[in-house]
Amino acid sequence: VRWLHPELGLVSPVNFIELAENSGMIVSIGEWVLRESCRQAKEWQDAGYPDFRIAVNVSIRQLHEPDFMDVVRCALDDSGLPPGSLIVEITENMIMENAESNTMTLQALKNLGVKISIDDFGTGFSSLTQLRRLPANLIKIDQSFVRDMLIDTDDFAIVEGVVALTKSFKLDVIAEGVEVQATATALAGMGCGVIQGYWLSRPLPRDDLLDWLHDRQRQQRPKRA
């Protein structure tokens, strides 16, 4: 979510999300984002990309709202998006703030068919026991480790360890912050099959994203002899 301000131009969420959290506006913003994301994802699926999935960041304040599950159900029902095409992302630190209550809500989401992703993994202090109990489908390795993994042996070891850990827990893993091909190649060698970052693309307007998807699809088609 980027704020197109008439004087400041394109404002990053880094600059306004904290204010939205503190004021409570994040709840209404988050509901709009969830509904619009589901609607847009369904539109892209109908446009010829049936496997398209969309990930939506959810704040801890949203997760604690009594009607949060109803909001998610309505967003899915109104859009027609299959629950398995929606990924709810929540940061590791947020989950650990009230682990028992948060885990119950995340489990309810998972029971609905929604995928759960733990964002910024590696920056918090969750134990392996807690991680094992979380109803997660995906782990996202924080970009602070991925970005310098080729020049920092400690970061490389952390990334490699998290990839191995997710495999043993039978979870999918995503590496964020991939900016060069060498990093993508190293991650593939570790067994990390999904990446996110500027090496693939910078943030794009809706119509430009469809062009990008079309180009990727065309590049991946097998060439005829």
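Description of the structure in this document.

## Details of the nonpolar core
Leu86, Leu109, Val159 and Leu187 are the most contacted members of the largest nonpolar core, which totals 49 residues. In terms of residue count, the dominant contributor to this core is helix α4 (residues 68–79) (six residues). What Leu187 contacts, discounting residues up to four positions off in sequence, is Val146, Met149, Val159, Ala175, Val178, Cys192 and Ile195.

## Some details on the side chain of Asp155
When you line up the elements, Asp155 lands in helix α9 (residues 153–168). Despite its burial, Asp155 pairs with no opposite charge, the nearest such side chain being Arg147 at 8.8 Å. Those residues in contact with Asp155, other than ones at most four positions away along the chain, are Ser144, Phe145, Asp148 and Met149.

## Some thoughts on helix α6 (residues 99–112)
With 14 residues, α6 should cover 20 Å at 1.5 Å per step; its first-to-last C-alpha distance of 20 Å lies within 8% of that length. Regarding α6, the residues found buried are Asn102, Thr105, Leu106 and Leu109. The arc that holds every buried residue of α6, seen down its axis, measures 95 degrees, which confines them to one face. In α6, the exposed positions that point more than 90 degrees away from the buried face belong to Glu100, Met104 and Asn111. Where α6 is buried, its residues touch α3 (60–63), α4, β4 (86–91), α5 (92–97) and β5 (115–121).

## Description of the pattern of salt bridges
Tallied over the entire structure, the rule returns 10 salt bridges. Here Glu31 ties to Arg35 by a salt bridge, and the two come within 3.5 Å at their closest N and O atoms. Pair noted here: Glu31 and Arg35 are both in helix α2 (residues 26–46), with a separation of four residues, about one helical turn. Residue classification places Arg35 among the partly exposed residues on the basis of a relative accessible area of 31%. Two residues, Arg206 and Asp207, come together in a salt bridge whose shortest N-O distance is 3.7 Å.

How each quantity is defined
Residues numbered from 1 in each chain as written. Predicted model: local features only at pLDDT ≥ 70, side-chain atom pairs only at ≥ 80, totals over all residues. Heavy atoms only, no water. Core = buried A, V, L, I, M, F, W, Y, C linked by side-chain atoms within 4.5 Å. Buried < 20%, exposed > 50% of the residue type's maximum accessible area, 1.4 Å probe, protein only. Helix = DSSP H or I, 4+ residues; strand = E, 2+ residues; numbered from the N terminus. Contact = heavy atoms within 4.5 Å. Lys, Arg positive; Asp, Glu negative; His and termini not counted. Salt bridge = Lys/Arg side-chain N within 4 Å of Asp/Glu carboxyl O. Expected span 1.5 Å × (residues − 1). Arc of directions from axis to C-beta.

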